[in-house]
Amino acid sequence: MIIGRDSKDSLPRRAEARDRHLARLEQLRDEGRLLTAGPLPAIDAADPGPAGFVGSLVLAEFADLDAATAWAKADPYIESGAWSGAEVHPYKAVLP
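Here's a quick rundown of the structure. On a predicted model such as this, the values are computed, not experimentally measured, just so you know. (Residues numbered from 1 in each chain as written. Predicted model: local features only at pLDDT ≥ 70, side-chain atom pairs only at ≥ 80, totals over all residues. Heavy atoms only, no water.)

1. Points about helix 1 (residues 11-30)
Alright, step 1. If you check helix 1, its first and last C-alpha atoms are 27 Å apart, about what 20 residues at 1.5 Å a residue would give, namely 28 Å.
Alright, step 2. When the local axis directions of helix 1 are compared, the greatest deviation, roughly 55°, occurs at Ala17.
Alright, step 3. For helix 1, the complete set of buried residues consists of Arg14, Ala17, His21, Arg24, Leu25 and Leu28.
Alright, step 4. Those residues of helix 1 that are buried are in contact with strand 1 (2-6), strand 2 (34-41), strand 3 (53-60), helix 2 (65-73), helix 3 (76-80) and strand 4 (83-88).
Alright, step 5. Gly32 sits one or two positions beyond helix 1 and adopts a positive phi of about 75°. (Helix = DSSP H or I, 4+ residues; strand = E, 2+ residues; numbered from the N terminus. Expected span 1.5 Å × (residues − 1). Bend = angle between axes of the 7 residues up to and from the residue. Buried < 20%, exposed > 50% of the residue type's maximum accessible area, 1.4 Å probe, protein only. Contact = heavy atoms within 4.5 Å.)

2. Topic: the nonpolar core
Within soluble globular proteins, side chains that are nonpolar tend to cluster in buried spots.
Alright, step 1. With 10 residues, the main nonpolar core is built from Ile2, Leu25, Leu28, Val58, Ala60, Phe62, Ala68, Trp71, Ala72 and Val88.
Alright, step 2. Every element with two or more residues in this core is listed here: helix 1, strand 3 and helix 2.
Alright, step 3. Those residues within four positions of Val88 in sequence are excluded, and the remaining contacts are Met1, Ile2, Leu65, Ala68, Thr69 and Ala72. (Core = buried A, V, L, I, M, F, W, Y, C linked by side-chain atoms within 4.5 Å.)

Okay, structure coming up:
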């Protein structure tokens with residue numbers, strides 16, 4: 001499980017890096033390793049507008065935590081400064 005934490009005023013940096021970020025997620029999906037991914041809106045709205053996002057969640061299968069950490073550190077949202085950092089945790093699916 002990867003939780004990317006947005007930087008202050010991240011919207012312009014998110015916009016600049018979004019296509020590259022999505023391409024990496026699509027690669028995980030195409031490899032059958034992506035369970036789900038998406039942004040965490042700052043407010044309870046499908047489109048938070050200028051309120052923006054507080055981060056993103058990525059649930060995907062990696063060989064180990066080191067591989068997940070390396071993947072997160074190389075994300076375009078990190079490189080662009082949209083994310084101030086990313087937390088990587090083991091995840092154990094229980095349901096469904």
